[in-house]
Amino acid sequence: MSSRVDERPLLELRGVRKTFAPRGRRARRTASAVAAVDGIDLALQAGTTTALVGESGSGKSTLARLIVRLHDADEGTITFDGQEIQALDEKAFRPLRRRVQMVFQNPLTSFDPSQTIGASILETMRLAPDDEPEQERLGRLLSEVGLSPRFAGLRPREMSGGELQRAGIARALSVRPDLVVMDEPTSALDMSIQGQVLELLADLQRRHRLTYLLVTHDLRAVRMMADRVVVMYLGQVVEEGPTEAVFGDPRHPYTRGLLYAYDLSGRDEERDRDVRIRGSLRTPRPGDVGCRLVGRCPLSADRCGEPQALAELAPGHRARCWRAAEGQIAGDRQPHATTDPTDLGELT
Amino acid sequence: MSAAQTQSRSVLAGIADDPLLEISGLVVETGPARRPIELLRSIELAIPKGARVGVVGESGSGKSMTASAILGVLPNGVRARAGTIRFDGRDLMTLPEREMRRIRGGEISLVSQNAVASLNPLMTVGAQIAKVCREHTGVSKQEAWTRTVELLDALGIPEPDVRARSYPHHFSGGMAQRVAIAMALICSPQLVIADEPTTGLDATIQAQVLEVIDGSVKASGAALLLISHDLAVIRAMCDIVAVVYAGSLLEYGPADEVLNRPLSPYTQGLIRCMDPPEGEIAFIPGRIPEPGTLGAGCPFAERCDRATDACRAQQPALRQLRPDHWVSCHHE
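Just so we're clear, the structure is a prediction, and the values are computed from it rather than from any experiment. (Residues numbered from 1 in each chain as written. Chains lettered and ligands numbered in written order. Predicted model: local features only at pLDDT ≥ 70, side-chain atom pairs only at ≥ 80, totals over all residues. Heavy atoms only, no water.)

### So, the overall build of chain B
When helices and strands are tallied, chain B shows 13 helices and 12 strands. The C-alpha atoms of chain B give a radius of gyration of 20 Å, which matches the 20 Å a tight globule of 332 residues would have. Counting all 332 residues of chain B, 55% fall into the buried class. Taking contacts inside chain B between residues at least 6 apart in sequence as the whole, the part at least 24 apart equals 64%. About 14,200 Å² of surface is accessible on chain B, with carbon and sulfur atoms providing 50% of the total. Averaging the positions of the 32 positive and the 37 negative side-chain charges in chain B gives two centres separated by 6 Å. (Helix = DSSP H or I, 4+ residues; strand = E, 2+ residues; numbered from the N terminus. Rg over C-alpha atoms; globule rule 2.2 N^0.38 Å. Buried < 20%, exposed > 50% of the residue type's maximum accessible area, 1.4 Å probe, protein only. Contact = heavy atoms within 4.5 Å. Areas by Shrake-Rupley, 256 points an atom, 1.4 Å probe, with all protein chains shown as cover. Lys, Arg positive; Asp, Glu negative; His and termini not counted. Charge placed at Lys NZ, Arg CZ, Asp CG, Glu CD.)

Next up, the structure:
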């Protein structure tokens with residue numbers, strides 16, 4: 001984990017918004033457009049790992065796809081290494097495409113089943129030619145991800161999930177990227193194998209000074225890998241900060257509820273009342289301007305119907321909740337720690 | 001089957017005088033009879049009446065195959081070669097299909113991972129649950145419907161009489177899983193098998209569904225066989241844990257014991273993976289063995305840092321090293 005901060009982030013998002021309109025006449029009549037990503041600011045420092053955390057419907061995968069430009073944003077700017085990528089046409093973007101690579105959740109479906117692994121990797125590798133002979137470069141790539149050269153001749157069906165995910169990482173690295181966006185890279189793998197892939201990713205990051213954006217719902221992987229965590233709920237960032245701060249001292253009721261939901265062993269009635277997130281995801285109605293957690297949040301009040309700003313609570317640690325901003329939420333184990341003045345002192 | 005076979009008891013039978021379900025020496029295989037591929041090599045299991053037993057394992061461990069064997073619904077081309085599955089005094093492996101059909105859904109029910117896929121999309125959920133109830137208990141249509149709505153209400157489905165008339169696609173993942181749980185409980189079974197019941201659900205919804213399973217199983221007095229890859233789920237729900245790996249039972253005992261003082265090196269590694277020390281990335285080296293590639297030794301030997309020649313030569317028998325705590329390992 002590095003705490004060093006560059007002057008300029010490698011990737012910077014400002015006010016990014018992406019709306020999906022309902023398709024078909026009937027759907028347009030009955031449903032309204034959903035902002036999957038609704039005004040996101042994000043900055044990734046070179047050589048660090050940022051985790052994007054959220055449940056289904058949070059918009060984390062849409063955001064990842066915007067960054068690798070599988071979608072175009074409706075509003076906002078995405079700046080990669082000083083260049084605004086939304087303004088570029090496909091041809092002008094091509095040199096940048098090499099520098100931003102993606103690793104997918106399911107390695108079995110992200111490889112062509114009829115081609116050998118070697119052929120698939122070579123196809124991508126040719127986008128970034130260099131002087132080294134192709135076969136040597138392929139062998140070196142495979143060994144770098146811990147696969148022996150014989151894997152080049154295998155087809156996806158002949159490999160285990162962990163081996164395939166290593167091959168997926170080799171393919172992403174074959175074009176020497178700066179930023180690797182990973183969508184649930186270990187979620188399809190067995191528990192005893194997940195750590196192998198995470199260890200490999202950490203090692204490759206150190207060696208090549210890679211920047212990672214880790215999109216996942218797996219908080220265990222986040223704890224092991226990430227320098228910073230960004231928690232999303234219904235298209236918005238609700239909390240962000242250094243991993244230790246967000247996990248050790250979560251301030252947004254959603255983050256607290258999420259950590260509580262994962263911690264299946266530490267349940268008791270009092271925490272259940274104060275921390276547990278109720279019900280299931282609800283889509284905001286047009287005209288809703290307040291906190292999107294209203295109705296599920298145990299601490300909801302009238303004021304939550306007003307727009308909530310992402311307020312800075314400590315250097316680099318922000319939350320989108322007026323209670324958090326006023327210091328009403330401090331210390332994970334003390335949901336209403338307002339009586340202790342020392343707790344409030346830290347926040348101001 | 002011969003009398004000798006029906007009387008063979010699992011070494012685990014010692015845990016309770018008369019377990020509700022007891023699997024002994026179960027071997028399940030596929031492929032040609034002359035060169036069979038063993039999917040389950042040596043599965044033992046005991047489920048005392050009203051207990052909650054968690055089976056934890058990774059892909060290929062045989063945890064779901066064991067459930068299929070209990071329910072007598074092994075996939076095409078897969079057959080049980082040896083072993084007994086004693087349930088409430090009967091050997092399920094020798095029962096005629098007609099009787100198995102009465103047991104499935106009645107005395108033993110299943111909650112599967114993908115609830116929406118397990119429901120009939122063309123029937124309202126209420127009608128499906130009521131149908132199961134009528135087929136197994138023979139109550140009137142009206143009575144079955146009343147029970148269905150009551151059960152949906154008890155499982156925390158809002159407006160149960162309205163929701164009972166909805167179709168499966170109207171339900172969110174968490175709500176659909178509650179419907180599947182209702183279907184599993186409607187006939188007051190003695191054993192509920194839940195196969196990865198919350199995998200694929202969001203964490204906040206997972207916690208709710210586990211609570212529903214917990215409460216409803218407790219209220220009905222049924223035993224629970226919870227199959228999961230997630231030790232955290234097993235830890236939260238079960239009082240007995242069975243650890244399976246590559247078709248063999250490696251460890252069995254009280255949840256407290258197995259999770260806090262694991263005896264098998266595999267269980268130890270798995271717990272470390274789930275809850276790694278601060279600032280560390282934990283894993284078990286090597287790969288999970290493919291079915292049919294295992295020799296005569298311990299299935300975990302290839303990945304175990306304590307493996308000796310003895311481990312590679314012979315699969316260790318289950319031994320009771322602590323009270324009610326069995327392990328298949330040559331060490332200790």
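Structure shown, so let's carry the discussion forward.
### A short note on the interface of chain A and chain B
Contact with chain A, which involves 28 residues of that partner, is made by 29 residues of chain B. Together chain A and chain B conceal approximately 2,400 Å² of surface at their shared face, both sides included; 55% is due to carbon and sulfur atoms. It is M191(A), S192(A) and L264(A) in chain A that bury the most area against chain B; as a group they hold 27% of the surface buried on that side. Here R276(A) ties to E211(B) by a salt bridge, and the two come within 3.0 Å at their closest N and O atoms. At the boundary of chain A and chain B, one finds 15 residue pairs in polar contact (both at pLDDT 80 or more). Contributions of two or more residues to the side of chain A that touches chain B are made by α7 (191-208), α8 (219-225) and α10 (253-262) of chain A. Here the side of chain A that touches chain B is built from residues that sort into 11 nonpolar, 8 polar and 9 charged. (Buried area = accessible area lost by both parts, 1.4 Å probe. Salt bridge = Lys/Arg side-chain N within 4 Å of Asp/Glu carboxyl O. Polar contact = N/O pair within 3.5 Å; in protein donor to acceptor, adjacent residues only side chain to side chain. Nonpolar A, V, L, I, M, F, W, Y, C, P; charged D, E, K, R; others polar.)

### Re the packing of helix α8 (residues 173-185) of chain B against helix α9 (residues 203-220) of chain B
Residue and element names in this part refer to chain B. Packing of α8 against α9 leaves a shortest axis separation of 10 Å and a crossing angle of 15°. In terms of their interaxial angle, α8 and α9 are classed as roughly parallel. Note that α8 runs across α9; the crossing there is right-handed. Of the residues in α9, those touching α8 at G174, Q177, R178, I181 and L185 are I205, Q208, V209, V212, I213, S216 and S220. Grouping the constituent residues of the contact of α8 with α9 by class yields 6 nonpolar, 5 polar and 1 charged. (Axes fitted to C-alpha atoms, helices over the stretch in contact; angles between N-to-C directions. Parallel < 35°, antiparallel > 145°, perpendicular 65-115°, else oblique. Left-handed = near helix turned anticlockwise from the far one by under 90°.)

### So, the pairing of strand β7 (residues 179-183) of chain A
Residue and element names in this part refer to chain A. Of all 5 residues in β7, 5 are buried; the element is thus mostly enclosed. Across the two faces of β7 the burial is the same, with L179, V181 and D183 and V180 and M182 all buried. Of the pairings in the sheet, the one linking strand β6 (residues 100-103) to β7 comprises 4 bridges and is parallel in character. Residue V103 lies in a different strand from β7, and its bridge partner there is M182. Relative to strand β8 (residues 211-216), β7 is paired through 5 bridges, and the arrangement is parallel. Across the sheet, residue L179 finds its bridge partner in β8, namely T211. The parallel pair β7 and β8, bridged by α7, forms a crossover whose chirality is right-handed. (Pairing = 2+ DSSP bridges. Right-handed = clockwise from strand over helix to strand, strands pointing away.)

### Points about unusual backbone geometry
Positive phi is not limited to glycine here, since R69(A) has a value of about 60°. Within the secondary structure, R69(A) sits in the loop between α2 (60-67) and β4 (75-80).

### A word on the packing of aromatic side chains
Under the defined criterion, the tally for this structure stands at 5 aromatic pairs over all chains. An aromatic cluster of at least three residues, connected via ring pairs, comprises Y245(B), Y266(B) and F300(B). The ring of F151(A) is capped by R150(A), whose NZ or CZ atom sits 4.5 Å from the centre of that ring. Directly above the ring of F111(A) sits R171(A), whose terminal nitrogen or CZ lies 4.0 Å from the centroid. (Phe/Tyr/Trp six-rings, centres within 6.5 Å; stacked < 30°, edge-to-face > 60°. Lys NZ or Arg CZ within 6 Å of the ring centre and 35° of its normal.)

### What to know about the sheet that holds strand β1 (residues 11-20) of chain A
Residues and elements named next belong to chain A. The strand order across the open sheet built from 4 strands is β2-β1-β4-β5, with neighbouring strands paired in antiparallel fashion. On the outer flanks of this sheet lie β2 (34-44) and β5 (83-84), each paired with one strand and no other. Of the strands in this sheet, β1, β2 and β4 are in contact with α2, which crosses β1 at around 120°.

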